[in-house]
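Below, each chain spelled out in residue letters.
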Amino acid sequence: VLIQGGEGSRKGSYHGGDGGDLHFIGGSSSGKHILNDRAGNVVIEGGKSTGKGIGGSLMIKSGHGGTHSGILQLQTSNGEYKGDSGPIDIKTGQVSSGASGNVVLGTGAASQDKGRAGTIRIQSGTSGNEHLRRNYYPFNYQQVSDRNGGSIELASGTSFDGKGGAL
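Residues numbered from 1 in each chain as written. Predicted model: local features only at pLDDT ≥ 70, side-chain atom pairs only at ≥ 80, totals over all residues. Heavy atoms only, no water.

Looking only at helices and strands, the protein features 1 helix and 0 strands. Expressed as a percentage of its 167 residues, the buried residues of the protein come to 1%. Carbon and sulfur atoms provide 49% of the accessible area of the protein, an area that totals close to 16700 Å². (Helix = DSSP H or I, 4+ residues; strand = E, 2+ residues; numbered from the N terminus. Buried < 20%, exposed > 50% of the residue type's maximum accessible area, 1.4 Å probe, protein only. Areas by Shrake-Rupley, 256 points an atom, 1.4 Å probe, with all protein chains shown as cover.)

Considering all chains together, one arrives at 1 salt bridge under this definition. Between lysine 91 and aspartate 89 there is a salt bridge whose closest N-O contact spans 3.8 Å. Each member of the pair, lysine 91 together with aspartate 89, is exposed. (Salt bridge = Lys/Arg side-chain N within 4 Å of Asp/Glu carboxyl O.)

Mapped onto the elements of the fold, aspartate 18 is located in the segment before α1 (130-134). According to the relative accessible area criterion, aspartate 18 is exposed, its value standing at 55%. Residue contacts for aspartate 18: discarding those within four places in its chain leaves Glu7 and Gly8. (Contact = heavy atoms within 4.5 Å.)

This part is about the confidence of the model for the protein. For the protein, per-residue confidence averages 79 on the pLDDT scale, and residues scoring 70 or more make up 85% of the total. Considering only residues more than four positions removed or in separate chains, one finds that residues 133-144, a stretch of pLDDT under 50, has 12 contacts. (pLDDT = per-residue confidence, 0-100.)

See below:
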């Protein structure tokens, strides 16, 4: 099954045809119970192998461009007043006797002499109201929040039968 947005076929040099977007959106919820009334999920899953074969892969890839590829953004929605935004959880599946999959975070290589490889930046969130903290002047900082910024924690794996992972 192929689901594809419409083609922007105008070949003009200024604002040529734009390709059509695809939106997959779960159903809305109007209930008032914090645990029992949830909006619908969107589940995209690779195929299952019923024999000894490999399960279907899931690839999310931005589009190719003439000068720049598209952005791949993984983000949860904002939390409402006094609520939390949802976490982003990236992990591999559990295994009983084999090795669980690796998680690799890397940038693409710069293959030309003038190219520059990308940066990996891990940054936790800030806390407080930016407009109040800066008082609208870039170098006039004021403490207006007793909240702490987010932490960055690194932990290696635990082994119950051998040696834990290195960090």
